[in-house]
Amino acid sequence: MLRKLKIFAITSAVVIIAGFALWFCFFSPMGVSIRRSDDIATTKTYVTAMRDIGQWEFLAINDEELVDTVDKGFFSDKELIRIYYGTLRLGIDFSQCDETWINVDGDSITLDLPQVKLLDENFIDEARTQAFFETGSWTNKDRQSLTMKAHRMMKDRCLTKKNLDLAQEAAEQQVMQFLRLIKQQQTE
């Protein structure tokens, strides 16, 4: 009996929610309208809005580095080995584009895409950093120095010409696809 009552309550709730959703779609004073525009100015508005969006990521590279340091002491050595994880994100920061990055001439749009770059210098995931081996006592300054070494190693490994070229190519393709989609929506 209790099971039937639960099923009835759940079914009633679903019917009530569906009823409100249908009422809202058909009788709500708010509405949606779609209009066709052959004006290139609309596309310029969309593309200019891309600048306001901020960053567009085209390639994310996950990396992990094993970094160590040794401090030679008079009686004994101390050693610190840590594993660092990070995700380097390559893309374009559209918020740094100036007004001349888009040019409209008649029915043509010309974009001057900036080069892709590392979007965030804080790419090391400190929460995932692990002490692999540690002997002796280490200060926060020592650990920070090791983190900076991992930061340099990750940039050296991941910010290669091949990865930057791959991200730039993806940027050009995705932005072109975005513009084609806008054009297609305008002609429908």
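Residues numbered from 1 in each chain as written. Predicted model: local features only at pLDDT ≥ 70, side-chain atom pairs only at ≥ 80, totals over all residues. Heavy atoms only, no water.

**A closer look at the overall build of the chain**
What counts, and what does not: Labels follow the DSSP assignment, with helices taken as runs of H or I lasting at least four residues and strands as runs of E lasting at least two, numbered in each case from the N terminus. Each residue gets one of three labels from its accessible area relative to the maximum for its type: buried under 20%, exposed over 50%, partly exposed in between, using a 1.4 Å probe on protein chains only. The criterion used for residue contact is that any of the two residues' heavy atoms lie within 4.5 Å. Accessible surface is estimated by sampling points in the Shrake-Rupley manner with a 1.4 Å probe; for residues, cover comes only from the protein chains shown.
Assigned secondary structure in the chain consists of 4 helices and 6 strands. Secondary structure elements of the chain, listed N to C terminal, follow the sequence α-α-β-β-β-β-β-β-α-α. Across the 188 residues of the chain, 29% fall into the buried class. Here the contacts in the chain between residues at least 6 apart in sequence split such that 81% fall between residues at least 24 apart. Only carbon and sulfur atoms are counted for the fraction: they give 56% of the accessible area of the chain, which is about 13800 Å².

**Some remarks on the nonpolar core**
As a rule of thumb, nonpolar side chains are buried together in soluble globular proteins. Our working rule: Here the nonpolar core consists of buried residues drawn from Ala, Val, Leu, Ile, Met, Phe, Trp, Tyr and Cys, with membership extended through side-chain atoms lying within 4.5 Å.
Tyr84, Ile92 and Phe94 are the most contacted members of the largest nonpolar core, which has 29 residues in total. Elements with a minimum of two residues in this core: β1 (55-71), β2 (78-93), α3 (140-158) and α4 (161-187). Top element by residues in this core is α4. It accounts for 6 residues. Contacts of Tyr84, omitting those with residues within four sequence positions, involve Asp63, Glu64, Glu65, Val67, Ile124, Thr129, Arg143, Leu146, Thr147, Ala150 and Met154.

**Re the confidence of the model for the chain**
A low pLDDT score tells you not to read the predicted coordinates there in detail. The cut-off we apply is this: pLDDT expresses, on a scale from 0 to 100, how confident the predictor is about each individual residue.
Here the chain averages 77 in pLDDT, while 71% of its residues score no lower than 70. Within the chain, the lowest mean pLDDT, 48, falls on helix α1 (residues 2-27), and the highest, 96, falls on α3. This stretch, residues 18-44, has a pLDDT under 50; its non-local contacts, to residues over four places away or in other chains, come to 21 contacts.

**Notes on the side chain of Gln168**
Positionally, Gln168 belongs in helix α4. Using a relative accessible area of 9% as the deciding quantity, one classes Gln168 as buried.

**Details of the pattern of salt bridges**
Here the idea is simple: oppositely charged side chains can pair when their charged atoms come close. Rules: The salt bridge criterion pairs a side-chain nitrogen of Lys or Arg with a carboxyl oxygen of Asp or Glu, the two atoms within 4 Å.
Per the counting criterion, the structure on display carries 8 salt bridges. Across the pair Asp71 and Lys78 runs a salt bridge, and its minimum N-O distance is 3.9 Å. When its relative accessible area of 37% is taken as the criterion, Asp71 is described as partly exposed. Through salt bridges with shared partners, one network takes in Asp63, Glu65 and Arg157.

**Some points on the pairing of β2**
So the rule is basically this: At least two DSSP bridges between two strands are needed for those strands to be called paired.
When you tally the buried positions in β2, you get 13 out of 16 residues, the bulk of the element. Sheet analysis places β1 next to β2, joined by 16 bridges and oriented antiparallel. Bridged to Asp68 within β2 is Ile81. Connecting β1 to the antiparallel partner β2 that follows it, the hairpin turn spans 6 residues. In this structure, β2 lies alongside strand β6 (residues 130-134), joined through 4 bridges in antiparallel fashion. Residue pairing for β6: Ile83 is matched across the bridge by Gln130. As paired elements, β2 and strand β5 (residues 117-118) share 2 bridges and run antiparallel to each other.

**With respect to the pairing of strand β3 (residues 102-105)**
Judged from the 4 bridges that link them, β3 and strand β4 (residues 108-111) form a sheet pairing that is antiparallel. Residue Val104 lies in a different strand from β4, and its bridge partner there is Ile109. Here β3 folds back onto β4, and the loop between the two strands holds 2 residues, one of which, Gly106, carries a positive phi near 65°.

**Quick word on a nonpolar patch on the surface**
This is how the line gets drawn: Each patch is built from residues that are more than 30% exposed by relative accessible area and take part in no salt bridge. Like charges join if they lie within 9 Å; nonpolar side chains (Val, Leu, Ile, Met, Phe, Trp, Tyr) join within 5 Å.
Together, Leu66, Phe132 and Phe133 give the surface a local cluster of nonpolar side chains, amounting to about 330 Å² of exposed area. Relative to the helices and strands, Phe132 is located in strand β6.

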